[in-house]
Each structure stands twice: as structure tokens, then as C-alpha cells.
Amino acid sequence: MEGLSIAMKTACEKGIFTGIKISHDDISVSHLFYADDALFLGEWNKENIKNLARILKCFHATSGLKVNFHKRKINWVAWEKVVAPKSVGGLGLGSLKAFNLSLIVKLWWQLRVEGDMLWEKL
């Protein structure tokens, strides 16, 4: 799977595949891997889909691993629906920027209140 990750990163750098932007700082995500599962995130357009299929075919040719498009269910979901609250039909993921900020504030609070954390002593 590392080879596929490198291929996706290269494709994004060369403009062959366009991931989804998660902030105003031009940070984007194109893929997530867990064990033998892969989740590809990208702009919804015909060229992006064709290029993703080409990348997966090249990955198959070089690694022998193949995505079975007939066996696996492929869902295309608009990013706005992913981050929308469940109450309005979204997946309830919420804003990644707000989530990141909340984690940073939580860490700051722990440093200020709990001064005896092990990694702080290092």
C-alpha cells in the first residue's frame, strides 16, 4: 500500500489527481489507508475519476494487487455532505479546522493545568 500512497502523492504534486482542500492554506487530502482498505478523496469531475482509475491500473500492473470494481461498492459523496451535521442528512464529521483547533486548545490546557505530564519532563 505504500507504493500506492507514493503514486497518489506524486499524482497530486503533478496535478494528475486533485484531492479535496481541507483548509484555506492549500492543504489537501487525496487518500487514507487503513489495513487493506483505501479511501480516495478528490474533486468530483470526470478527469479526476479517469486518472484515479489509471493510477489504480498502474498500481495493479506493478504490484499484482487489484481493485475489484465489481466487488467493491464505490460511493461518491460531496465533501459538503461529509462535514454537514447528521441532523440535516450529513455524516457529521464537522469542520476539520475546528476539530484541529479544539485539539490544540485541549493540549494547551493540559500543559497549563497538569504540569506533571511525562513527555513534558523530557
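**Here's the deal with the packing of aromatic side chains**
We describe a pair of aromatic rings using the distance from one ring centre to the other and the angle between the two ring planes.
Thought 1: By the definition in use, this model includes 2 aromatic pairs.
Thought 2: Between Phe 33 and Phe 40, the aromatic rings sit 6.4 Å apart at their centres with planes inclined by 85°, giving edge-to-face as the arrangement.
Thought 3: Its relative accessible area of 27% is what places Phe 33 among the partly exposed residues.

**Remarks on the nonpolar core**
Thought 1: Leu 4, Met 8, Ala 11, Phe 17, Leu 52, Ile 55, Leu 56 and Phe 59 form the largest nonpolar core, which has 8 residues in total.
Thought 2: At the level of secondary structure, the elements contributing two or more residues to this core comprise helix H1 (2-13) and helix H2 (46-63).
Thought 3: Of all the elements, H2 adds the most residues to this core, at 4 residues.
Thought 4: If near-sequence neighbours (up to four positions away) are discounted, Leu 52 is found in contact with Met 8, Phe 17, Phe 40 and Trp 76.

**Regarding the pairing of strand S4 (residues 37-40)**
Thought 1: Relative to S4, strand S3 (residues 31-34) runs antiparallel, the two sharing 4 bridges. Across the sheet, the residue bridging to Phe 33 is Ala 38, located in S4.
Thought 2: Between the end of S3 and the start of S4, which pair antiparallel, lie 2 residues, with Ala 35 showing a positive phi angle near 55°.

**Looking at the environment of Asn 51**
Thought 1: You can see Asn 51 is positioned in helix H2.
Thought 2: Distance from Asn 51 to Phe 17, taken between C-alpha atoms, is 6.4 Å for residues 34 residues apart in sequence.

**Quick notes on H1**
Residues lying three or four places apart along an α-helix face the same way, a consequence of the helix completing one turn every 3.6 residues.
Thought 1: Its 12 residues give H1 an end-to-end C-alpha distance of 17 Å, which sits within 8% of 16 Å, the value for a rise of 1.5 Å per residue.
Thought 2: Considered for burial, the residues of H1 that qualify are Leu 4, Met 8 and Ala 11. Along the axis of H1, the buried positions cluster into a sector of 65°, meaning they face one direction only. Turned more than 90 degrees away from the buried face of H1 sit Glu 2, Ile 6, Lys 9 and Glu 13, all of them exposed.
Thought 3: Packing partners of the buried residues in H1 comprise S3, S4 and H2.

**A look at the packing of H1 against H2**
Thought 1: Between H1 and H2, whose axes approach to 10 Å, the crossing angle comes to 145°. By crossing handedness, the relation of H1 to H2 is classed as right-handed. Here Gly 3, Leu 4, Ala 7, Met 8 and Ala 11 of H1 lie close against H2, whose contacting residues are Leu 52, Ile 55, Leu 56 and Phe 59.
Thought 2: Grouping the constituent residues of the contact of H1 with H2 by class yields 8 nonpolar, 1 polar and no charged.

**Details of the pattern of salt bridges**
Thought 1: The tally for this structure, following the rule as stated, stands at 1 salt bridge.
Thought 2: Between Glu 47 and Arg 54 there is a salt bridge; the shortest N-O distance is 3.8 Å.
Thought 3: With a relative accessible area of 45%, Glu 47 lands in the partly exposed category.
Thought 4: Residue classification places Arg 54 among the partly exposed positions, given a relative accessible area of 45%.

Cut-offs used in this document
Residues numbered from 1 in each chain as written. Predicted model: local features only at pLDDT ≥ 70, side-chain atom pairs only at ≥ 80, totals over all residues. Heavy atoms only, no water. Phe/Tyr/Trp six-rings, centres within 6.5 Å; stacked < 30°, edge-to-face > 60°. Buried < 20%, exposed > 50% of the residue type's maximum accessible area, 1.4 Å probe, protein only. Core = buried A, V, L, I, M, F, W, Y, C linked by side-chain atoms within 4.5 Å. Helix = DSSP H or I, 4+ residues; strand = E, 2+ residues; numbered from the N terminus. Contact = heavy atoms within 4.5 Å. Pairing = 2+ DSSP bridges. Expected span 1.5 Å × (residues − 1). Arc of directions from axis to C-beta. Axes fitted to C-alpha atoms, helices over the stretch in contact; angles between N-to-C directions. Left-handed = near helix turned anticlockwise from the far one by under 90°. Nonpolar A, V, L, I, M, F, W, Y, C, P; charged D, E, K, R; others polar. Salt bridge = Lys/Arg side-chain N within 4 Å of Asp/Glu carboxyl O.

Geometric descriptors of this kind do not, in isolation, establish any biological role.
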